[in-house]
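Summary of the model geometry
The chain contents come next:
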Amino acid sequence: MADSGVTDGAEKKEDITRVKNEGKELSKEEKQRLRKEKKSQKKNKEKKDEQDALASEREKNCAPSTLSQPAAHKEPAASPPVQAAVSEPPAPAAGAPPADKPAKSKAELKAERRARQEAERASKPGKKGDPGPQSTAGKPKAPPSELQPVVKRLPEHVQVDNPEVLKKLAKKLERQQIPLRSDYGYKVSLFSHLHQYSRKAPLTQQLSIPSTVIHPVIVRLGLQYSQGIVAGSNARSVALLHAFKQVIRDYVTPPNEELSRDMVNKLKPYISFLNQCRPLSASMGNAIKYIKKEISNIPSQCKEEEAKTKLQDCIDRYIREKIVLAASAISKYAIEKISDGDVILVYGCSSLVNHILCEASEKHRKFRVIVVDSRPRLEGREALRRLVKHGISCTYVLISALSYVLPEVSKVFLGAHALLANGYVMSRVGTSQIALVAKAFNVPVLVCCETYKFCERVQTDSFVSNELDDPDDLMVTRKGKTQLEGWQQVSQLGLLNLVYDVTPPDFVDLVITDLGMIPCTSVPVVLRVKNVDQ
Amino acid sequence: QDEGGLVEYFRTQMGKDPDMASAVAAIRTLLEFLKRDQGETLFGLRESLTSATDCLTGVDSSVAVSSAGELFLRFISLTSLEHQDLSQCKKVMEERGELFLQKISMSRAKVAKLCHTFIKDGAKILTHSYSRVVLRVLEKAAAEKKRFSVYVTESQPDAAGEQMAAALRKLDVPVTVVLDAAVGAVVEKVDLVIVGAEGVVESGGIINKIGTYQMAVCSKAHNKLFYVVAESFKFVRLYPLNQQDVPDKFKYKADTLRSSQSLSEEHPVIDYTPPSLITLLFTDLGVLTPSAVSDELIKLYL
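These numbers come from a predicted model, not from an experiment. (Residues numbered from 1 in each chain as written. Chains lettered and ligands numbered in written order. Predicted model: local features only at pLDDT ≥ 70, side-chain atom pairs only at ≥ 80, totals over all residues. Heavy atoms only, no water.)

A word on helix α10 (residues 259-277) of chain A
Put simply, the rule is: Here a helix means four or more residues in a row that DSSP labels H or I, a strand means two or more in a row labelled E, and each is numbered from the N terminus. For a helix, the expected span equals 1.5 Å multiplied by the residue count minus one. In this scheme, a residue with accessible area under 20% of its type's maximum is buried, one over 50% is exposed, and one in between is partly exposed, where area comes from a 1.4 Å probe on protein chains only.
Helix length check: α10 of chain A, at 19 residues, gives a terminal C-alpha distance of 27 Å against a target of 27 Å (1.5 Å per residue), a fit within 8%. The buried fraction of α10 of chain A amounts to 14 of the 19 residues, a majority that puts the element mostly inside the structure.

Shown next as structure tokens:
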């Protein structure tokens, strides 16, 4: 089937382009056809280049007769220079490559790989694409043999300044029929590897209405994320899970498809879309992993209605256990640490910390709170509103006044966006500053974090992986004048609006999780215990 | 129930072998209590064991007694008690209790075996108050023909340091007793500091006789090694953030807690040393860094 596809590809291609333009979702076969077409076209182009390169060598070396056989009757892909480069028969298609890679030149490597792929495709008709994408992300070039372990590509390796990676991303989005969001404004060079989007150009403007590829609930969710209507780690995860519940409710298994595999494939474009609207958080990533696992564990005999109810129950249980119940467990431990007469410092708006303080005041602990806030988000105002409504006496300062208030503070409670495997805490920008100054004043710093936010990533600085928010947010109008109005025109000026930063474990005294109180260095132990459980 | 008898048994155990840790005596008492218990249900048994532990902490308020009691309870109930007959269950629990007791009786020897190699020939050691584990370690080192000299703090208010000095003199180890206030001045002369612990907390810090914290701070300032020797039954599920956060029931002796009017006039007998000041902990589970203590605690308790 693979061979025949190439020859009558021309007519099919027109069909495909026509269908695409109508905005309908491509069927699986058409997508396969399209992918194969593109791949063979690319190979033809590269073959031509290699042929030119090796042709000159051939002239010098008077190669054996096999080379001179014209390959006209063969497929355009399996051309002579490629056959010359492969000495052994590629019949054991899964044969491991020879170990002395560095000695050969890049062109020969490519040629060998091409030949092996062709041989694999010839011997296994209908085999879908190759593990090619993994080898081009700037990592050491491992030949895509099936026996070799798959190179794990970290989705956080956003490399916006690498044009190859961008091209791959664009192709992937095109395949999933999701528009690509373009970057906005001048980026500070240290962060040029990250995306920077403008809030005034949401992704939804580029979608056709009605979009049949993306469920409307997901479109709405994406818009809420990108406009900042739904913000905060827990809120985003819960919104995501509810949206997925709706998607599952409306899902209908197409004929001749298995629910467990097709639904996961349906979810992939949604996830790419949401990622384009706003980069996924670690908690959302863990939630998505959980859902995918649950979906793929659905037995094939299971009826559709039954499977759908089961999945919805799973999601409800996840929200209940990992978020709601975890919050009450954490507040139980945290309240032990709050004594009468305490002065507690909080930063920004963390739903978990607010919950803890409200519960503590209901249990009649006598304490007062200092809320520290920072521009441009000014999230502390929301925290202040919630705490004052519960009758807790609060003070409100901006982060520049931190060292002024710290001498009277007895404890610092911080929320976290994620806890990394090396014990670093990833949280809203400004958190590491608070932890640092608190350490200098010998004030204990307590971080409250549910276990579903623990992730396997390791990071030691805030540059490698972060999020850049809309730079226009930094503009502020006072007394009718906006000083930074024309910042785009000034060539040397860049506005940096970071969202997250990482705090090293030396500054954190205690982490309160639903499993108990642990030191910051014990996060990998919890991850290990969790993996054993699963 | 038989609270008076329990306390009596505990006191006799303590009296019989002064070298035994109070926690070990507590466990022997709890085991005896288990054997004598006439309860009908497992749940009732657990409840009465918990109340017995509370009763014992009323006699000796050290952290080790409460942690040992909790660990004992966990150890014996860790088995799958599927037997229908209660007496059979109790037999299994008693066997496990004996096993636990045997294990912890060996723990001091294990600690000494691990630690004595860290004492180099010609070392000058600083230690605090009277700790039987540290004494055991120094005995082993002396038996290995190592030459070392020891500075002991007097450790008021009970002058326990004098007891330690007397025991060391019997081993022919040159020993000097220094004032508690002289620690800062003496630290620059020594090579390493070894202290015992009454309790090891979740953060990896220790709870020990008052005066340990300032010794740790001084040794950190002089970049001297600070070693802690403790048996594993002293690991406790506490997480103090600072001195104030240590519960009052451990800070004062049991009699003081009962009799005094206002605790703020009483002198605390223990203090908390945070993990950042400790170099290594020697336990019968091995040689641990302070951050590994949490790992071990999770394994022990979860």
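A few points about the interface of chain B and chain A
Quick note on the threshold: We call two residues in contact whenever any of their non-hydrogen atoms come within 4.5 Å of each other. Defined here as a combined quantity, buried area equals the accessible surface (1.4 Å probe) lost by two parts on assembly, summed across both. Here a salt bridge means any side-chain nitrogen of Lys or Arg lying within 4 Å of a carboxyl oxygen belonging to Asp or Glu. Only Asp, Glu, Lys and Arg are considered charged, only Ala, Val, Leu, Ile, Met, Phe, Trp, Tyr, Cys and Pro nonpolar, and every remaining residue, Gly among them, polar.
Counting residues at the interface gives 10 residues for chain B, matched by 13 residues for chain A. Of the roughly 1100 Å² buried where chain B meets chain A, counting both sides, 58% is carbon and sulfur surface. Ranking the residues of chain B by area buried against chain A places Tyr239, Leu241 and Ile298 of chain B at the top, with a combined share of 52%. Inspection of the chain B/chain A interface yields 2 salt bridges. Aspartate 295 of chain B is the salt-bridge partner of arginine 528 of chain A, the closest N and O atoms lying 3.2 Å from each other. Taken together, the residues that form the side of chain B that touches chain A break down as 4 nonpolar, 3 polar and 3 charged.

A word on the side chain of serine 232 of chain B
Within the element layout of this structure, serine 232 of chain B appears in the loop between β7 (225-229) and α10 (248-251). Relative accessible area serves as the criterion here: at 12%, serine 232 of chain B is assigned to the buried category.

Re the environment of alanine 239 of chain A
Residues and elements named next belong to chain A. Position of alanine 239 among the secondary structure elements: in helix α9 (residues 233-250). Judged by relative accessible area, alanine 239 falls into the buried class, the value being 18%. Residues alanine 239 and isoleucine 218 lie 21 residues apart in sequence; the distance between their C-alpha atoms is 9.9 Å.

Quick notes on the packing of aromatic side chains
Quick reminder of the rule: Classification of ring pairs rests on two measures: the distance between centres of Phe, Tyr or Trp rings, Trp counted by its six-membered ring, which must be within 6.5 Å, and the angle between planes, read as stacked under 30 degrees, edge-to-face over 60 and tilted in between. Only lysine NZ and arginine CZ atoms are considered, and such an atom sits over a ring when it is within 6 Å of the ring centre and within 35 degrees of the ring normal.
The full count for this structure, using the stated rule, is 7 aromatic pairs over all chains. Taking the centre distance of 5.8 Å and the plane angle of 85° together, the rings of phenylalanine 118 of chain B and tyrosine 227 of chain B count as edge-to-face. With phenylalanine 118 of chain B in the loop between α5 (86-115) and β1 (123-127) and tyrosine 227 of chain B in strand β7, the pair connects residues that are 109 residues apart, well separated along the chain. Here tyrosine 227 of chain B and phenylalanine 282 of chain B contribute two aromatic rings whose centre-to-centre distance is 5.2 Å and whose plane-to-plane angle is 85°, an arrangement assigned as edge-to-face. In this pair, tyrosine 227 of chain B sits in strand β7 while phenylalanine 282 of chain B sits in strand β9 (residues 280-283), placing the two residues 55 residues apart along the sequence. Grouped by ring-pair contacts, the aromatic residues Tyr290, Tyr318 and Tyr452 of chain A constitute a single cluster. Its guanidinium or amino end placed over the ring of tyrosine 225 of chain A, arginine 236 of chain A lies 5.4 Å from that ring's centre, counting from NZ or CZ.

Focus on the pairing of strand β8 (residues 270-273) of chain B
All names here are of chain B. Note the following rule: Here, any two strands with at least 2 DSSP bridges between them count as paired.
Residues Ile270 and Tyr272 line one face of β8 and the alternating positions Asp271 and Thr273 line the opposite face, and both faces are buried. Taken together, the 4 bridges between strand β6 (residues 206-209) and β8 define a ladder with antiparallel strand orientation. Considered in β8, the bridge of lysine 209 is made with isoleucine 270.

As for the packing of helix α3 (residues 42-59) of chain B against helix α4 (residues 63-77) of chain B
All names here are of chain B. The line we're drawing: Lines are fitted to the C-alpha atoms to define the axes, a helix being fitted only along its stretch in contact, and any angle between axes, read from their N-to-C directions, falls within 0 to 180 degrees. We call two directions roughly parallel when the angle between them is under 35 degrees, roughly antiparallel when it is over 145, roughly perpendicular when it lies between 65 and 115, and oblique otherwise. Working rule for handedness: look at the near helix, and if it is turned counterclockwise from the far one by less than a right angle, call the crossing left-handed; if clockwise, right-handed.
The N-to-C vectors of α3 and α4 enclose an angle of 165°; their axes lie 9 Å apart at closest approach. When the axes of α3 and α4 are compared, the pair comes out roughly antiparallel. Handedness of the α3/α4 crossing: right-handed. Counted together, Arg46, Leu49, Thr50, Thr53, Leu56 and Thr57 of α3 and Val65, Ser66, Gly69, Leu73, Ile76 and Ser77 of α4 form the full contact between these two elements. Along the lines of polarity and charge, the residues of the contact of α3 with α4 split into 5 nonpolar, 6 polar and 1 charged.

Some details on the sheet that holds strand β10 (residues 286-288) of chain B
Residue and element names in this part refer to chain B. The strand order β3-β2-β1-β4-β7-β9-β10 describes an open sheet built from 7 strands, whose pairing is mixed. With partners counted over all chains shown, the strands left at the sheet margins are β3 (175-178) and β10, one partner each. Pairwise comparison of adjacent strand axes, ignoring direction, gives a mean angle of 25° for this sheet. In the sheet, β7 pairs with β9 via 3 bridges, with the strands oriented parallel. Its bridge partner being in β9, tyrosine 227 is matched across the sheet by leucine 280. Running at roughly 135° to β9, α5 makes contact with β7, β9 and β10 of the sheet.

Focus: the confidence of the model for chain B
Note the following rule: Note: pLDDT gives the predictor's confidence per residue, expressed from 0 to 100.
Looking at chain B, pLDDT values average 87 and 96% of them are 70 or higher. Overall fold confidence for the complex sits at a pTM of 0.76, while the interface term, ipTM, reaches 0.83.

Some points on the pattern of salt bridges
Residues and elements named next belong to chain A. With the rule as written, the count across this model stands at 28 salt bridges over all chains. One salt bridge in this structure joins arginine 278 and glutamate 467, with 2.9 Å as the shortest N-O distance. Taken together, the residues arginine 278 in the loop between α10 and α11 (282-296) and glutamate 467 in the loop between β7 (445-448) and β8 (477-478) connect sequence positions 189 residues apart. Notably, a salt bridge pairs lysine 411 with aspartate 342, separated by 2.9 Å at the nearest N-O pair. Linking lysine 411 in strand β4 (residues 411-415) with aspartate 342 in strand β1 (residues 342-347), this pair joins segments that are 69 residues apart in sequence. Note on lysine 411: relative accessible area 6%, which makes it buried. You can call aspartate 342 buried: its relative accessible area is 7%. Linked through salt bridges whose partners overlap, the residues forming this network are Arg199, Arg377, Glu379, Arg428, Asp469 and Asp473.

Section: the pairing of β9 of chain B
Residues and elements named next belong to chain B. The alternating pattern of β9 places Leu280 and Phe282 and Leu281 and Thr283 on opposite faces, both of which are buried. Bridge count between β9 and β10: 3 bridges; the pairing is antiparallel. Counterpart to threonine 283 in the pairing with β10 is glycine 286. Between β9 and β10, which pair antiparallel and follow one another directly, the connecting turn spans 2 residues.

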